[in-house]
Amino acid sequence: MTASPWPEYESRFHNWETRSSVRTKPRRLFDANGTALLLFPPESVPALAHPLVRAHGPGTADLVLQHSLYQYLHFTTVLEQTAVLPVTANLSLGTAGIELPPAMRADAFKITTDEAWHAQFSDDLTTQMVAATGVAAEAVVEPAFVGELRRLRAEFDPADRPLADLVFAVVSETLVSALLADLPNDRRLARPVRETVADHAADEGRHHSYFQSVLRVLWPSLSAEHRGLLGPRVPAFVRAFLEHDLAAVRSALVASGLTAQEAATVVDESYTPVDLRRPARATVRGFRGVGALDDSCTRDAFLAAGLLAEDEL
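Being a predicted model, the structure only gives us computed values, none of them experimental.

Rules used throughout
- Counting restarts for each chain: residues are numbered from 1 in the order of the written sequence.
- pLDDT decides what is reported in this predicted model: residues at 70 or higher carry local features, side-chain atom pairs at 80 or more are listed and counted, and totals for whole chains, interfaces and linings draw on all residues regardless.
- The basis for every side-chain value is the complete set of non-hydrogen atoms in the structure, without hydrogens or water.
- Note on conventions: DSSP H or I runs of at least 4 residues are helices, E runs of at least 2 residues are strands, and numbering of each starts at the N terminus.
- Only C-alpha atoms enter the radius of gyration; for comparison, a globular chain is expected to reach 2.2 Å times N to the power 0.38, where N is the number of residues.
- Each residue is assigned to one of three classes by its accessible area relative to the maximum for its type, calculated with a 1.4 Å probe on protein chains only: buried under 20%, partly exposed between the two thresholds, exposed over 50%.
- Two residues qualify as a contact provided that any one of their heavy atoms is within 4.5 Å of a heavy atom in the partner residue.
- For the purpose of counting charges, residues Lys and Arg are taken to be positive, whereas Asp and Glu are taken to be negative. His and the chain ends are not included.
- Here the site of a charge means atom NZ of a Lys, CZ of an Arg, CG of an Asp or CD of a Glu.
- Here the nonpolar core consists of buried residues drawn from Ala, Val, Leu, Ile, Met, Phe, Trp, Tyr and Cys, with membership extended through side-chain atoms lying within 4.5 Å.
- Both cavities and pockets are sets of points on a 1 Å grid over the protein atoms alone; in a cavity a 1.4 Å probe fits but cannot get out, in a pocket the set is open with protein on both sides within 12 Å along at least five of seven lines, and lining residues sit with an atom within 4 Å of a point.
- Grid points are joined across faces, edges and corners, and a volume is the space filled by probe spheres set on the points.
- Amino acid classes used here: Ala, Val, Leu, Ile, Met, Phe, Trp, Tyr, Cys and Pro are nonpolar; Asp, Glu, Lys and Arg are charged; the rest, including Gly, are polar.
- Helix axes use the C-alpha atoms of the stretch in contact, all axes being lines fitted to C-alpha atoms, and the angles between their N-to-C directions lie in the range 0 to 180 degrees.
- For classification, angles of less than 35 degrees are called roughly parallel, those exceeding 145 degrees roughly antiparallel, those between 65 and 115 degrees roughly perpendicular, and all remaining angles oblique.

Draft legend 1. Main features of the overall build of the protein chain. The secondary structure content of the protein chain amounts to 15 helices and 0 strands. For the protein chain, the C-alpha radius of gyration of 20 Å lies close to 20 Å, the compact-globule estimate for 313 residues. If one aligns the C-alpha atoms of the protein chain with their principal axes, the spans along those axes are about 60 × 45 × 35 Å. Expressed as a percentage of its 313 residues, the buried residues of the protein chain come to 50%. For the protein chain, long-range pairs separated by at least 24 residues make up 80% of all intrachain contacts whose partners lie at least 6 apart in sequence. Charge centroids of the protein chain, computed over 29 positive and 40 negative side chains, lie 4 Å from each other.

The structure is reproduced here in structure tokens:
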């Protein structure tokens, strides 16, 4: 990578001490009284509409939702701990392979603190729910993105893998999660669930802005070779983050009383490919803004993945 001038950076962390959830929000407490409410949005679990799930009775749907929440919280913990925290730690220390202005390095320390808190409070809420309800988090599996990211990293030379990690962090932190956006306002859900996700969402708005700034520093600093190597793989990073985790769904269904064969049938007949365009809109806009789509291979990869339409070129 070559040196590049820093674009103007406007920090959104000036009031971090009085705005971040780790500094200002209490521990969210769960008790068994909250189980009368939904624990996860049913619309986010297409399997619930399948006749095989309905045939097992309404209690089965409630269990599937609880296991879905466990998986979502586990996804959050694993994402923060394995994919984001190592990158923000390197950015804060100046060891990420790009030179950042002091203000951006200082903000990376704050994001590192935020993300560690998000991982911790997600795990803590699961622990509380298990104790309060007696339903073990036995269906939780390794999030699918972990294996996919492992596979994608293997396509890079070892020296380039930290750069791939940085780009994946940019992608994951600039995608707009529908659950983060919608779940805090869903009054059907138990209060501690809504509040935990609201705490996360409030912090992620600042992180989103920060990583858009990181991209504006990173991309012009890359050699043409590295831009050509990374750009076409961005859609695969998006897909790794956003696609349905079908193994997790099958596991939740079996833990809720379905047989393995029933669970496989439900998944096969209930899930279709995710439309990536809406949640990835800001990410695509960011890569377009730094000129990544000027490369024909990168542009073709975005088109093939459904991240762009022909009329958007």
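Draft legend 2. View of the nonpolar core. Of all hydrophobic cores here, the largest spans 56 residues; its most connected members are Leu 91, Tyr 210, Phe 211, Val 214, Phe 237, Val 238 and Phe 287. Taken together, the elements giving at least two residues each to this core come down to α4 (58-93), α5 (102-133), α6 (144-154), α7 (161-174), α9 (191-221), α11 (234-242), α14 (281-289) and α15 (296-304). At 8 residues, α7 tops the list of elements feeding residues into this core. For Tyr 210, the residues in contact, after removing those within four places along its chain, are Tyr 9, Phe 13, Leu 91, Leu 100, Met 104, Asp 107, Ala 108 and Ile 111.

Draft legend 3. Summary view of the layout of surface pockets. Of the pockets and cavities examined, the second largest pocket occupies roughly 250 Å³. Around the second largest pocket, the lining comprises 15 residues; the ones closest to its centre are Thr 82, Ala 83, Pro 86, Arg 153 and Asp 165. Looking at the lining of the second largest pocket, the elements with two or more residues in it are α4, α6 and α7. The class makeup of the residues in the lining of the second largest pocket is 10 nonpolar, 2 polar and 3 charged.

Draft legend 4. Region of interest: the packing of α7 against α14. For the pair α7 and α14, interaxial distance at closest approach is 8 Å and the crossing angle is 135°. If you check the angle between α7 and α14, you find them oblique. Every residue of α14 that contacts α7 at Val 167, Val 170, Val 171 and Thr 174 is listed here: Ala 282, Thr 283 and Phe 287.

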